[in-house]
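# Architecture and fold: a report
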Amino acid sequence: MTLFDFLKAEWPDIHESAVKAASAVYPDPRTACFYARRTLELAVAWMYKHDSALRLPYQDNLSALIHEPTFKATAGEAVFSKARIINTLGNQAVHSHRPIQPSDAATAVRELFHFGYWLARSYARGAKPAAGLVFDTI
């Protein structure tokens, strides 16, 4: 049983990436942030492929995708903010030479949990995660 089991049935690749992020928080925070960003990228790509209300922006990088007005309108300000945090921490993990703290990795995974929960509640065709599901600290 993992934090991200609610993704497994409909989004196995997103689930697998999210589990990698969560499992790396303390042994390797940089890897956790990288996988959190990768998971977000997989989820956002899925959304653009399956939600006809979303319009592709002029560029297809993650930042452009999440800042696109139709994405922001669909996700809402709270979910958009979570996506921005994950993207920022993931980019820092890849491009920064400074050490990545476990607290940053935990933040990325927490925000990823909330993003994934929103994704599943909004788009799942099968069973949706329970309304009261909450993030359990790693």
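Residues numbered from 1 in each chain as written. Predicted model: local features only at pLDDT ≥ 70, side-chain atom pairs only at ≥ 80, totals over all residues. Heavy atoms only, no water.

The subject of this paragraph is helix α2 (residues 12-23). Between its first and last C-alpha atoms α2 spans 16 Å; for twelve residues at 1.5 Å apiece the expected length is 16 Å, and the two agree. Every buried residue belonging to α2 is among Ile14, His15, Ser17, Ala18, Ala21 and Ala22, and all of these are buried. Buried positions in α2, seen along its axis, are confined to an arc of 170° and lie on one side of it. Of the surrounding elements, those touching the buried residues of α2 are α1 (5-8), α3 (29-50) and α6 (102-123). (Helix = DSSP H or I, 4+ residues; strand = E, 2+ residues; numbered from the N terminus. Expected span 1.5 Å × (residues − 1). Buried < 20%, exposed > 50% of the residue type's maximum accessible area, 1.4 Å probe, protein only. Arc of directions from axis to C-beta. Contact = heavy atoms within 4.5 Å.)

The subject of this paragraph is the packing of α2 against α6. For the pair α2 and α6, the least separation of the axes is 10 Å and the interaxial angle reads 160°. Between α2 and α6, the interaxial angle falls into the category roughly antiparallel. For α2 against α6, the interelement crossing comes out left-handed. On α6, the residues touching Ile14, Ala18, Ala21 and Ala22 of α2 are Val109, Leu112 and Leu119. (Axes fitted to C-alpha atoms, helices over the stretch in contact; angles between N-to-C directions. Parallel < 35°, antiparallel > 145°, perpendicular 65-115°, else oblique. Left-handed = near helix turned anticlockwise from the far one by under 90°.)

Moving on: the packing of aromatic side chains. The description of two aromatic rings rests on the distance between their centres and on the angle between their planes. Scanning the entire structure with this criterion turns up eleven aromatic pairs. Summarising the aromatic geometry, the rings of Tyr48 and Phe71 are spaced 6.4 Å apart at their centres and angled 10° between planes, so their arrangement reads as stacked. Here Tyr48, found in helix α3, pairs with Phe71, found in helix α5 (residues 69-95); they are 23 residues apart in sequence, far enough to count as distant. Residue class for Tyr48 comes out buried when judged on its relative accessible area of 12%. On the accessibility criterion, Phe71 (0% relative accessible area) is buried. By way of ring pairs, the aromatic residues Trp11, Trp46, Phe115, Trp118 and Tyr123 are connected into one cluster. We note Lys72 situated over the ring of Phe80; from NZ or CZ to the ring centre the distance is 4.5 Å. (Phe/Tyr/Trp six-rings, centres within 6.5 Å; stacked < 30°, edge-to-face > 60°. Lys NZ or Arg CZ within 6 Å of the ring centre and 35° of its normal.)

Turning our attention to the packing of α3 against α6. Any two packed helices are characterised by the angle at which their axes cross and by the distance between the axes. α6 packs onto α3 with a crossing angle of 20° between their chain directions and a minimal axis gap of 8 Å. When the axis of α3 is compared with that of α6, the two are roughly parallel. In the crossing of α3 with α6, the sense of the turn from one axis to the other is left-handed. Across from Pro29, Ala32, Cys33, Ala36, Thr39, Leu40, Ala43, Val44, Trp46 and Met47 in α3, the residues of α6 making contact are Pro102, Asp104, Ala105, Ala108, Leu112, Phe115, Trp118, Leu119 and Tyr123. Its residues placed into classes, the contact of α3 with α6 shows 17 nonpolar, one polar and one charged. (Nonpolar A, V, L, I, M, F, W, Y, C, P; charged D, E, K, R; others polar.)

By themselves these figures say nothing about function.
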